[in-house]
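A closer look at the structure
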Amino acid sequence: MSIVSCPSCSQRISSLADTCPHCGFSKTGVSIEPEVLQARQLRKLRYRARMLTYLGMLITLCGFLVWWFQQTGFNGLPGQVSQLLIGVGVVGYLAARVWLFMLSSRLKKL
Ligand SMILES: [Zn+2]
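Just so you know, these numbers come straight off a predicted model, no measurement behind them.

Conventions and cut-offs
- Residues numbered from 1 in each chain as written.
- Predicted model: local features only at pLDDT ≥ 70, side-chain atom pairs only at ≥ 80, totals over all residues.
- Heavy atoms only, no water.
- Domains from an automatic or database assignment.
- Contact = heavy atoms within 4.5 Å.
- Buried area = accessible area lost by both parts, 1.4 Å probe.
- Salt bridge = Lys/Arg side-chain N within 4 Å of Asp/Glu carboxyl O.
- Helix = DSSP H or I, 4+ residues; strand = E, 2+ residues; numbered from the N terminus.
- Expected span 1.5 Å × (residues − 1).
- Buried < 20%, exposed > 50% of the residue type's maximum accessible area, 1.4 Å probe, protein only.
- Patch = residues over 30% accessible without salt bridge, like charges linked within 9 Å, V, L, I, M, F, W, Y side chains within 5 Å.
- Areas by Shrake-Rupley, 256 points an atom, 1.4 Å probe, with all protein chains shown as cover.
- Donors = N, O, S within 2.8 Å, 3.2 Å for Na, K, Ca; no water.
- Tetrahedral: all angles 85-135°; square planar, octahedral: opposite > 155°, others 65-115°.
- Lys, Arg positive; Asp, Glu negative; His and termini not counted.
- Charge placed at Lys NZ, Arg CZ, Asp CG, Glu CD.
- Core = buried A, V, L, I, M, F, W, Y, C linked by side-chain atoms within 4.5 Å.

**Some remarks on the domain arrangement of the protein chain**
- What the domain assignment reports for the protein chain is domain 1 (1-32) and domain 2 (33-109).
- For domain 1 and domain 2, the distance between their C-alpha centres works out to 34 Å.
- Each partner contributes to the interface: domain 1 provides six residues, whereas domain 2 provides six residues.
- Note on domain 1 versus domain 2: buried area summed over both sides is about 410 Å², and carbon and sulfur give 49% of it.
- Scanning the region where domain 1 abuts domain 2 turns up zero salt bridges.

Written as structure tokens, this is what we have:
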């Protein structure tokens, strides 16, 4: 087995692969259905969107932790760093949720 470059998209693929995992190009002449390929790409994007929601939650959590350690409890107002972290985290999380929702509904239509 060796690594060759795909004649269609020139990404590196295994010489044993019948179809290119990147673009669906087929050496045997039977190419993957465009719907299948699209679903695969959507699933990949959905995975990224899901990771983004986790990242947003993590950043929000960091913001609360900074708040906690700066004020020794949630007594005082959050400092600028925690405000920024919580703001970015919440916005990022919500944006990722919307993206995730759009990807899921597009996947259902396929
Ligand atoms: Zn390819």
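From this point, things continue past the structure.
**Points about helix H2 (residues 80-109)**
- Over its 30 residues, H2 extends 44 Å from the first C-alpha to the last, a length consistent with the 44 Å expected when each residue adds 1.5 Å.
- Taken together, the buried positions of H2 are Ser82, Ile86, Gly89, Ala96, Leu100, Leu103 and Leu107.
- Where H2 is buried, its residues meet helix H1 (34-71).

**Details of a nonpolar patch on the surface**
- Taken together, the side chains of Leu52, Leu55, Leu58, Leu61, Phe64, Leu65, Trp68, Phe69 and Phe74 define a hydrophobic patch exposed on the protein surface, amounting to about 900 Å² of accessible area.
- Tracing the sequence through the fold places Trp68 in helix H1.
- We classify Trp68 as partly exposed; its relative accessible area is 40%.

**Observations regarding the coordination of the zinc ion**
- Taken together, the protein donors to the zinc ion comprise Cys6 (SG), Cys9 (SG), Cys20 (SG) and Cys23 (SG), at separations of 2.2 to 2.3 Å.
- Around the zinc ion, the four donor atoms sit at angles spanning 107 to 112°, and that spread fits a shape best called tetrahedral.
- Written as a sequence motif, the donor residues of the zinc ion are C-x2-C-x10-C-x2-C. Taken together, the residues span a long stretch of sequence, with Cys6 in the loop between strand S1 (3-5) and strand S2 (12-14) and Cys20 in the loop between S2 and H1 at a distance of 14 residues. Accessibility classification places Cys6 together with Cys20 in one group, the buried group.

**Describing the environment of Cys23**
- Positionally, Cys23 belongs in the loop between S2 and H1.
- Discounting chain neighbours no more than four positions away, the residues touching Cys23 are Cys6, Ser8, Cys9 and Leu37.

**Some remarks on a positive patch on the surface**
- There is a patch of like positive charges on the surface, built from Arg40, Arg43, Lys44 and Arg48.
- Position of Lys44 relative to the elements: it lies in helix H1.
- A relative accessible area of 47% means that Lys44 is categorised as partly exposed.

**Overview of the nonpolar core**
- Counting residues in each nonpolar core, the largest one holds six residues, listed as Ala39, Leu42, Ala49, Leu100, Leu103 and Leu107.
- Those elements that provide at least two residues to this core are H1 and H2.
- The residues touching Leu100, leaving out its near neighbours within four places in the chain, are Arg46, Ala49, Arg50 and Thr53.

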